[in-house]
Amino acid sequence: MTAPVKREGRARERQAFSLRQSVLFFGLVAVLLCAAGLILRLVARAAVREPASAVAVVAILVVAAAMLKSASSRRTAIGRKRPPEVPVPVIAVPASGVEADDYAAMDPDAFEQAVAALCERDGCRDVQVVGGAGDLGADVIATAPDGRRVVIQCKRYGPVNRVGSQEVQRFGGTCYAVHEASVAAVVTTGEFTQPAAEYAEQCGIHCFDHDDLAAWTDGTGPPPWDAAD
């Protein structure tokens, strides 16, 4: 029962406050009108006695009014000025027509974008490139066409570099527990060591080496979420 009473009391307070505001406003308007009438009366009397002085007073008032109007216009323009827009970084996502040989010329960031583009091409939704400091092993996160959550770690290596067991283990410690993956995959332009492949198989992590990536790229092989099946 106390809540309606409080609301009614607050409503009365707001009405009283609004009434006081209205009274003060109209009172101020009346004072300004009286002051303006008094000034005009004085100017009229001065015009009869000293026309030159009256003309000078009128000119001063006109100039002052113009200056006030100009200052008000500047303040209004400044108040309406929009804050500077923060440029949004544009991330260039490679076209779906990228070929497997193009990956060798990419840096790690561009390779992550290319893998994300492949996910989008093959029907994934909500594709995000999240690689960087603090990514906890995830570089690309997406939702597969069948609704599963796909978490991919990208390794853009040279032809003589191979993904080792420790790298796959670090990814295995976060892909399910932290990123809640339904499908976890490591995609590389190189190869995997045997211990890395064995650990990935035990943990249910799909290894996508250079050949798997090339087949995914040109459409002759499945994407990681289908290959995992």
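Just so we're clear, the structure is a prediction, and the values are computed from it rather than from any experiment.

### Things to note about the overall build of the protein chain
Phase 1: Along the backbone of the protein chain there are 7 helices and 7 strands.
Phase 2: Helices and strands appear in the protein chain in the N-to-C order α-α-α-β-β-β-β-α-β-β-α-β-α-α.
Phase 3: Within the protein chain, buried positions represent 31% of all 229 residues.
Phase 4: Here the contacts in the protein chain between residues at least 6 apart in sequence split such that 50% fall between residues at least 24 apart.
Phase 5: Roughly 15300 Å² of accessible area belongs to the protein chain as shown, and the carbon and sulfur atoms make up 60% of that amount.

### Here we look at the packing of helix α4 (residues 165-172) against helix α5 (residues 194-203)
Phase 1: Between α4 and α5, whose axes approach to 8 Å, the crossing angle comes to 20 degrees. Here α4 lies roughly parallel to α5, going by the angle between them. Considering how the two elements wind past one another, α4 and α5 form a crossing that is right-handed. Contacts from S165, V168, Q169 and G172 of α4 reach α5 at P195, A196, Y199 and A200.
Phase 2: For the contact of α4 with α5, the class distribution of residues is 5 nonpolar, 3 polar and no charged.

### Digging into the nonpolar core
Phase 1: Judged by nonpolar contacts, the single largest core of 25 residues is most densely connected at Y103 and W216.
Phase 2: Mapped by element, the contributors of at least two residues to this core are α3 (108-121), β2 (140-143), β3 (149-155), β5 (183-188) and α6 (210-218).
Phase 3: Here W216 is in contact with V115, L118, C119, R121, D122, V187, F208, G221, P222, P223, P224 and W225, once residues within four sequence places are set aside.
Phase 4: If you look at the next biggest cluster of nonpolar residues, it comprises 15 residues, including A138, V151, A184 and A196.

### What about the side chain of T174?
Phase 1: The topology assignment puts T174 in the loop between α4 and β5.
Phase 2: At 2.6 Å, the side chain of T174 forms a polar contact with the backbone oxygen of L136.

### Observations regarding the environment of R148
Phase 1: Mapped onto the fold, R148 is located in the loop between β2 and β3.
Phase 2: Looking at R148, its side chain comes within polar contact range of the side chain of D146, at 2.8 Å.
Phase 3: Reaching out from R148, the side chain makes a polar contact with the backbone oxygen of W225 at a distance of 2.8 Å.

### With respect to the pattern of salt bridges
Phase 1: For the structure on display, the rule yields 3 salt bridges.
Phase 2: Taking the shortest distance from any N to any O, the salt bridge between R121 and D122 comes out at 2.9 Å.
Phase 3: We note a salt bridge from K155 to E167, for which the minimum N-O separation is 3.8 Å. In this pair, K155 is assigned in strand β3 and E167 in helix α4, connecting sequence segments 12 residues apart.
Phase 4: Judged by its relative accessible area of 17%, K155 is buried.

### Regarding the packing of α3 against α6
Phase 1: Two elements in contact, α3 and α6, have axes whose closest approach is 10 Å; the angle formed by their N-to-C orientations is 50 degrees. When the axis of α3 is compared with that of α6, the two are oblique. Considering how the two elements wind past one another, α3 and α6 form a crossing that is left-handed. Contact with α3, carried on its side by F111, V115, L118, C119 and R121, involves L213, W216 and T217 of α6 and no other residues of that element.
Phase 2: When grouped by side-chain class, the residues that make up the contact of α3 with α6 number 6 nonpolar, 1 polar and 1 charged.

Conventions used here
Residues numbered from 1 in each chain as written. Predicted model: local features only at pLDDT ≥ 70, side-chain atom pairs only at ≥ 80, totals over all residues. Heavy atoms only, no water. Helix = DSSP H or I, 4+ residues; strand = E, 2+ residues; numbered from the N terminus. Buried < 20%, exposed > 50% of the residue type's maximum accessible area, 1.4 Å probe, protein only. Contact = heavy atoms within 4.5 Å. Areas by Shrake-Rupley, 256 points an atom, 1.4 Å probe, with all protein chains shown as cover. Axes fitted to C-alpha atoms, helices over the stretch in contact; angles between N-to-C directions. Parallel < 35°, antiparallel > 145°, perpendicular 65-115°, else oblique. Left-handed = near helix turned anticlockwise from the far one by under 90°. Nonpolar A, V, L, I, M, F, W, Y, C, P; charged D, E, K, R; others polar. Core = buried A, V, L, I, M, F, W, Y, C linked by side-chain atoms within 4.5 Å. Polar contact = N/O pair within 3.5 Å; in protein donor to acceptor, adjacent residues only side chain to side chain. Salt bridge = Lys/Arg side-chain N within 4 Å of Asp/Glu carboxyl O.

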